[in-house]
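If you want the building blocks of each chain, they are given just below.
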Amino acid sequence: LVDRSASTNVTESVADRVASGVEATGVPVTVATIARGTESRIGDGIAANLRENGSVVVVSDGRVTDGRSLADAAELARTVNATISAVAPSPTRTERYVAVDGPETASVGVDSRFLVRVGGVRTGGVVDLTVEVDGTEVVTETVTSDDEGTVEFVHTFEDPGPHRVTATIDSDDAFAVNDVYRRTIQVVERPEILYVSRGDYPFRDYLEELYEVDTASSVPDDLEEYYGVVVQDVAAPDLGNVDALQEYVIDGNGLLVVGGNNAYERGGYENAPIASMLPVT
């Protein structure tokens, strides 16, 4: 089973040699292509060619882009007592890629953390990395082969709406298409949350760094305007409108309950309606 997807263009072509070597031992060989172009559905290709008590040899770099995973294909092989052998050709050309991990949504005025990854095969030497946010350069670094291939940066968006993060590497490698990575982040106004507590705790100050915070001593009747509700150290009899809070959670909204001397077993939660909303006993 031969993987002829684009990523294998940087590796040695050994499929014909493998097939000839097997045939030379007297075992008949059928050659099938299981991936081409930019699609590497290798797991699906293996699964489709498995036979009970049979054997397949997979010539591939192991990069799956879609479909069944290699682990799922191996599990299927076990159920039919089939054998999978793998040949991983060695890379003969340098190929690098760049990618950006980070939030899909961010809040105005709040630090957002991003991780830029540079990887590939035969990546010895150095490569220049540039990261821009909405066309403004925010990172310029030289990544060497001794690095782990990651660069972290923090950015604060000041305006709501869509924003573009673009990472580029200056690399003389096999494919230019993955030397640039673009990521769109939707920036929104800071969500409004309700903080319910009868004490003065530092946690509220932390929440104000991330959200617009309304403070109450008990749960009100109307929670519709809030992105989430935080309850800290409030006893069950003092919680307020728990029915409204239950409806709010059932509708898919967020509830965070923080303990203390007046919460959980000390606050009489066990036999109170709030117990059914908590993921603990």
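Further up the page is the structure itself.
A short tour of the structure in this document, coming up. (Residues numbered from 1 in each chain as written. Predicted model: local features only at pLDDT ≥ 70, side-chain atom pairs only at ≥ 80, totals over all residues. Heavy atoms only, no water.)

## Some details on the overall build of the protein
What counts, and what does not: Numbering goes from the N terminus for both helices and strands, where a helix is a DSSP run of H or I of at least four residues and a strand is a run of E of at least two. For a compact globule the rule gives 2.2 Å times the number of residues to the power 0.38, and the radius of gyration it is set against comes from C-alpha atoms. Any residue under 20% of the maximum accessible area for its type is buried, any over 50% is exposed, and the rest in between are partly exposed; the area is computed with a 1.4 Å probe on protein chains only. Residues are treated as being in contact if the distance between any of their heavy atoms lies within 4.5 Å.
Check the secondary structure of the protein and you find five helices and 16 strands. Relative to the compact-globule value of 19 Å for 281 residues, the protein shows a C-alpha radius of gyration of 28 Å, a clear excess of over 25%. In terms of overall dimensions, the protein has a C-alpha envelope of 80 × 50 × 30 Å along the principal axes. Going through the 281 residues of the protein one by one, you find that 36% of them count as buried. Sequence separation of 24 or more characterises 63% of the internal contacts of the protein that already satisfy a separation of 6 or more.

## Things to note about the sheet that holds strand β8 (residues 126–133)
Under the convention used in this document: Two strands form a pair only when DSSP identifies at least two bridges running between them. Helix axes use the C-alpha atoms of the stretch in contact, all axes being lines fitted to C-alpha atoms, and the angles between their N-to-C directions lie in the range 0 to 180 degrees.
With respect to topology, five strands assemble into an open sheet ordered β6-β12-β11-β8-β9, the strand pairing being mixed. The open sheet is flanked by β6 (105–107) and β9 (136–144), the only strands paired with a single partner. Strand-to-strand twist of the sheet, defined as the mean angle between neighbouring strand axes without regard to direction, takes the value 25°. Where β8 lies against β9, eight bridges are found, and the strand directions are antiparallel. Residue pairing in the sheet places Val126 in a bridge with Thr144 of β9.

## As for helix α5 (residues 242–250)
Note the cut-off: In this description, one arc is meant: the one made by directions from the helix axis to the C-beta atoms. Within 3.5 Å is the distance limit for a polar contact, defined as a pair of N or O atoms, with the added protein rule that one can donate a hydrogen and the other accept it, and that residues adjacent in sequence qualify only through two side-chain atoms.
Of all the residues in α5, the buried ones are Val242, Ala244, Leu245 and Tyr248. Summarising the axial view, the buried residues of α5 lie within an arc of 155°, below the 170-degree limit, and thus occupy one face. For α5, the exposed residues lying more than 90 degrees away from the buried face are Asp243, Glu247 and Ile250. Of the surrounding elements, those touching the buried residues of α5 are β15 (228–232) and β16 (254–258). The distance from a side-chain oxygen at the start of α5 to the backbone nitrogen of Asp243 is 3.3 Å, and the residue carrying that oxygen is Asn241. Following α5 by one or two positions, Gly252 adopts a phi angle in the positive range, close to 100°.

## A look at the packing of aromatic side chains
Threshold: Here a pair means two rings of Phe, Tyr or Trp (six-membered ring of Trp) with centres within 6.5 Å. Their orientation is stacked below 30 degrees between planes, edge-to-face above 60, and tilted elsewhere.
Scanning all chains against the criterion turns up four aromatic pairs. Taken together, a centroid distance of 6.2 Å and an interplanar angle of 20° make the contact between Phe203 and Tyr206 stacked. With Phe203 and Tyr206 both in helix α4 (residues 202–210) and three residues apart, the pair spans about one turn of that helix. Looking at Phe203, the relative accessible area reads 23%, which means it is partly exposed. Under the relative-accessibility criterion, Tyr206 is labelled partly exposed at 44%. An aromatic cluster of at least three residues, connected via ring pairs, comprises Phe114, Phe153 and Phe157.

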